[in-house]
Amino acid sequence: MKKITFFLLVLFCSCNKEKIKETPKEASKEIPKEAPYFKQIKSNDVKMAEPVYGDWLFSRKEKGQTFEQYFLSKHIVPTKEANIIYIRPIGNFNALQKKQIQLTNEYLEIYFQLKTKTLEPISNDVVPNSARRMIAEGHEQLLAGYLLNDVLKEDKPLNRIALMGLSELDLYPKPEWNYVFGLASYRDKVGVSSIYRLQDGELTAENFNLCLSRLLKISSHEIGHMFGLHHCTNADCVMNGTNSMGETDRHSIRLCSVCQRKLNSCIPYDNKKRLTDLEKYFKKNDLTDGFDLMKKDIGVIQ
């Protein structure tokens, strides 16, 4: 029986491999005081449920990452030369899938408060036969490592700070594994994810919002790693590790107060503007869970 992997967008293999080390120079930085905004929204943080068999933390004893550890760590920050997040579609997408990519672009621009652009799609033909296979279920898979190392790492659009490839086809990481949702190199600030298994077989008008929510969670989580955020063990948070689609669906789309503080120390945006922008986005796109969470945060800062 083949080993089935439930790794979600490498919230998993790569995260453990590329831990960011503190240097003596960075350790000398003065830790900023916690702003009132983060103290206020902390009241809306929800304690993580006790992990059960199959959950990410059931078999992994992660220590988490404090704000101080993050602040003193080595991680990228936006500069004039590197300040744009890019999405690179890979393959042929139908109208509903193109709409999801467009909405993901809009979301990431709000979430990170950085310019985000979707590049022209590239063909699946960039992947040679040696890096693709047909599986028993009757569909084709692409080798995630080939897309990451031979395609996306060489993709360097103007002012790129992070790049995420989105494949329409299923992905596999190595011959003995059934599939993987994606792969990422945080050192190179590139990742590739597949939308294939996020769509429950087929993307329709009926499951559109559920599938969009999954894509928003995974995209913001993975790019969050590119900015140096580790898995969150502080609260129910979009930066929680996840072992399955069901666990992803249970986790919040909201970034907890500690992780928001980390991200804001890296990207100095206006926290209230970001929050209201997110509320408007969730309302416009009928994403009720996200809207309710942002509305609740807005309620405690006013």
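Refer to the structure above for everything that follows.
Residues numbered from 1 in each chain as written. Predicted model: local features only at pLDDT ≥ 70, side-chain atom pairs only at ≥ 80, totals over all residues. Heavy atoms only, no water.

**Some words on the overall build of the protein**
Selection criterion: The helix and strand labels rest on DSSP assignments: H or I over at least four residues marks a helix, E over at least two residues marks a strand, and numbering proceeds from the N terminus. A radius of gyration in this sense is built from C-alpha atoms; the matching globule rule multiplies 2.2 Å by the number of residues raised to 0.38. Partly exposed describes any residue whose relative accessible area lies between the buried limit of under 20% and the exposed limit of over 50%, with all areas from a 1.4 Å probe on protein chains only and scaled to the type maximum. We call two residues in contact whenever any of their non-hydrogen atoms come within 4.5 Å of each other. In short, Shrake-Rupley with a 1.4 Å probe defines the accessible areas, and a residue's cover is counted only from the protein chains shown. Positive charges are assigned to Lys and Arg, negative charges to Asp and Glu, while His and the chain termini are left out of the count. Positions of charges follow a simple convention, taking NZ of Lys, CZ of Arg, CG of Asp or CD of Glu.
Helix and strand counts for the protein stand at eleven helices and eight strands. The C-alpha radius of gyration computed for the protein amounts to 19 Å, which stays within 12% of the reference 19 Å derived for 302 residues, consistent with globular compactness. Over its C-alpha atoms, taken along the principal directions, the protein stretches across nearly 55 × 45 × 45 Å. Considering the protein as a whole, with its 302 residues, one finds that 56% of them fall into the buried category. Nonlocal contacts in the protein, meaning residues at least 24 apart in sequence, comprise 75% of its contacts between residues at least 6 apart. Surface exposure of the protein reaches about 14,600 Å², of which carbon and sulfur atoms provide 52%. Averaged over its 44 positive side-chain charges, the protein has a centre that lies 5 Å from the centre of its 38 negative ones.

**Let's talk about the pattern of salt bridges**
Under the convention used in this document: For this document, the term salt bridge refers to a Lys or Arg side-chain nitrogen within 4 Å of an Asp or Glu carboxyl oxygen.
Counting across every chain of the model gives twelve salt bridges. D170 is paired through a salt bridge with R197; the nearest N and O atoms lie 2.7 Å apart. Residue D170 is located in strand β6 (residues 170–172), and its partner R197 is located in the loop between β8 (190–194) and α7 (208–226); the two are separated by 27 residues in the primary sequence. Residue D170 is classed as buried on the basis of its relative accessible area of 1%. Residue R197 is classed as partly exposed on the basis of its relative accessible area of 24%. Via salt bridges that share partners, D45, R254 and D297 belong to a single interconnected network.

**Let's talk about the packing of aromatic side chains**
Threshold: Any two of the Phe, Tyr and Trp rings considered here, Trp counted by its six-membered ring, make a pair once their centres fall within 6.5 Å; the pair's planes then place it as stacked at under 30 degrees, edge-to-face at over 60, or tilted in between.
In this structure the tally under the stated criterion is ten aromatic pairs. Arranged with centres 5.6 Å apart and planes meeting at 40°, the rings of Y107 and Y111 form a pair that is tilted. With Y107 and Y111 both in helix α5 (residues 95–112) and four residues apart, this pair spans about one turn of that helix. The residues Y107 and Y111 share a single accessibility class, namely buried.

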